[in-house]
Amino acid sequence: MSDEENEKTSRVTGSGRLANNDALDGIFRPRIQQIFIHFIAITATVSLCAGYVYTSLRTDVELVLMLAFWGGLAGFILSSLVVYLTGSARLGAGLLVITGIGITFAPAYYEGGIRSPYAVWFMVVPLVGGLMLGSRIAYLGGAAGLLATLALAFLDPRLPLAGSNTQTTAMMALNMALAIIFCTALGAIVSRLIRRSSDE
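Rules and cut-offs
- Residues numbered from 1 in each chain as written.
- Predicted model: local features only at pLDDT ≥ 70, side-chain atom pairs only at ≥ 80, totals over all residues.
- Heavy atoms only, no water.
- Core = buried A, V, L, I, M, F, W, Y, C linked by side-chain atoms within 4.5 Å.
- Buried < 20%, exposed > 50% of the residue type's maximum accessible area, 1.4 Å probe, protein only.
- Helix = DSSP H or I, 4+ residues; strand = E, 2+ residues; numbered from the N terminus.
- Contact = heavy atoms within 4.5 Å.
- Expected span 1.5 Å × (residues − 1).
- 1 Å grid on protein atoms, 1.4 Å probe; cavity = no way out; pocket = protein on both sides within 12 Å on 5 of 7 lines; lining within 4 Å.
- Points joined across faces, edges and corners; volume = space filled by probe spheres on them.
- pLDDT = per-residue confidence, 0-100.

## Describing the nonpolar core
For step 1, the next point in the chain: Counting residues in hydrophobic clusters, the biggest one holds 31 residues, and the most contacted among them are Ile37, Leu48, Phe76, Ile101 and Phe122.
For step 2, the next point in the chain: Looking at this core, the elements that each hand over two or more residues are α2 (30–58), α3 (63–86), α4 (89–110), α5 (121–133), α6 (135–154) and α7 (166–199).
For step 3, the next point in the chain: Of the residues forming this core, the biggest block, eight residues, is contributed by α4.
For step 4, the next point in the chain: When near neighbours in sequence (up to four residues on either side) are disregarded, Phe76 contacts Ala41, Ala44, Thr45, Leu48, Leu96, Thr99, Gly100 and Ile103.

In structure tokens form, the structure reads like this:
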């Protein structure tokens with residue numbers, strides 16, 4: 001049995017249970033992947049709470065943003081809890097990516113759609129997720145980012161800060177989609193190459 005196979009079958013979750021054959025194909029070993037997911041989940045939870053408090057002190061929080069906050073908070077906590085209880089880096093990372101894209105969509109919707117500075121995270125998530133946690137997470141993040149970008153482009157005329165030029169919106173959406181595809185492919189390919197070279 002190789003070192004990688006041995007590590008996959010001997011990992012122990014926070015609750016003491018074994019989690020077999022659940023390693024992602026990122027550049028880190030399973031235990032480091034778990035720690036990375038915990039770190040991102042905790043950091044995102046603290047940042048989300050701080051942002052919500054800051055916003056609520058300055059202005060009234062829209063109902064949609066309030067729902068996004070509670071949904072994001074639940075998603076981040078659940079992703080860390082899943083990893084702790086089951087040892088499943090794959091499931092925890094999936095929850096983290098979906099929650100991250102979802103919590104980014106809400107402020108982007110209210111602050112200019114695809115013109116919003118928040119929209120850049122639709123590219124960052126599949127790139128960083130792919131490098132750190134493997135190609136599957138890159139594909140998941142890329143698909144979620146593409147759906148969010150297309151939704152924002154489709155909803156552009158009805159956004160609170162709607163764009164003034166339909167052709168400009170279409171070009172921005174196309175460029176954003178191409179950038180997301182590029183970041184997804186880059187994260188997935190580099191992750192696979194690094195993993196393959198480490199196994200040789």
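Anyway, onward from the coordinates.
## Digging into the environment of Phe36
For step 1, the next point in the chain: By the secondary structure assignment, Phe36 is in helix α2.
For step 2, the next point in the chain: Residues Phe36 and Ala93, spaced 57 residues apart in sequence, show a C-alpha to C-alpha distance of 9.5 Å.
For step 3, the next point in the chain: Other than its neighbours up to four places away in sequence, Phe36 contacts Met132 and Leu133.

## Looking at α4
For step 1, the next point in the chain: Taking 1.5 Å of rise per residue, 22 residues should cover 32 Å, and α4 covers 33 Å from first to last C-alpha, within 8% of that figure.
For step 2, the next point in the chain: Positive backbone phi, approximately 105°, marks Gly112, located one or two places after α4.

## Considering the layout of surface pockets
Picture a little ball the size of a water molecule; that probe, rolled over the atoms, points out where space is still empty.
For step 1, the next point in the chain: Computed from the structure, the largest pocket encloses a volume of approximately 1100 Å³.
For step 2, the next point in the chain: What lines the largest pocket is a set of 31 residues, and nearest its centre among them are Leu48, Phe76, Gly100, Ile103 and Thr104.
For step 3, the next point in the chain: Elements represented by at least two residues in the lining of the largest pocket include exactly α2, α3, α4 and α5.

## Looking at the confidence of the model for the protein chain
For step 1, the next point in the chain: Of all residues in the protein chain, 80% attain a pLDDT of 70 or more, and the chain-wide mean is 78.
For step 2, the next point in the chain: By mean pLDDT, the top-scoring element of the protein chain is α6 (89), and the lowest-scoring one is helix α1 (residues 3–10) (42).
For step 3, the next point in the chain: Contacts for the low-pLDDT stretch residues 1–12, under 50 throughout, to residues beyond four places or in other chains number 26 contacts.
For step 4, the next point in the chain: Taken as a whole, residues 15–22 scores under 50 in pLDDT and shows 24 contacts with residues more than four places along the chain or in a different chain.

## Looking at the side chain of Ser79
For step 1, the next point in the chain: You can see Ser79 is positioned in helix α3.
For step 2, the next point in the chain: A relative accessible area of 0% places Ser79 in the buried class.
For step 3, the next point in the chain: Once residues within four sequence positions are removed from consideration, Ser79 is found in contact with Ile37, Ala41, Gly92, Leu95 and Leu96.

## Let's talk about α2
For step 1, the next point in the chain: When the terminal C-alpha atoms of α2 are compared, their 42 Å separation across 29 residues agrees well with the 42 Å that a helix rising 1.5 Å per residue should span.
For step 2, the next point in the chain: Every buried residue belonging to α2 is among Pro30, Gln33, Gln34, Ile37, His38, Ala41, Ala44, Thr45 and Leu48, and all of these are buried.

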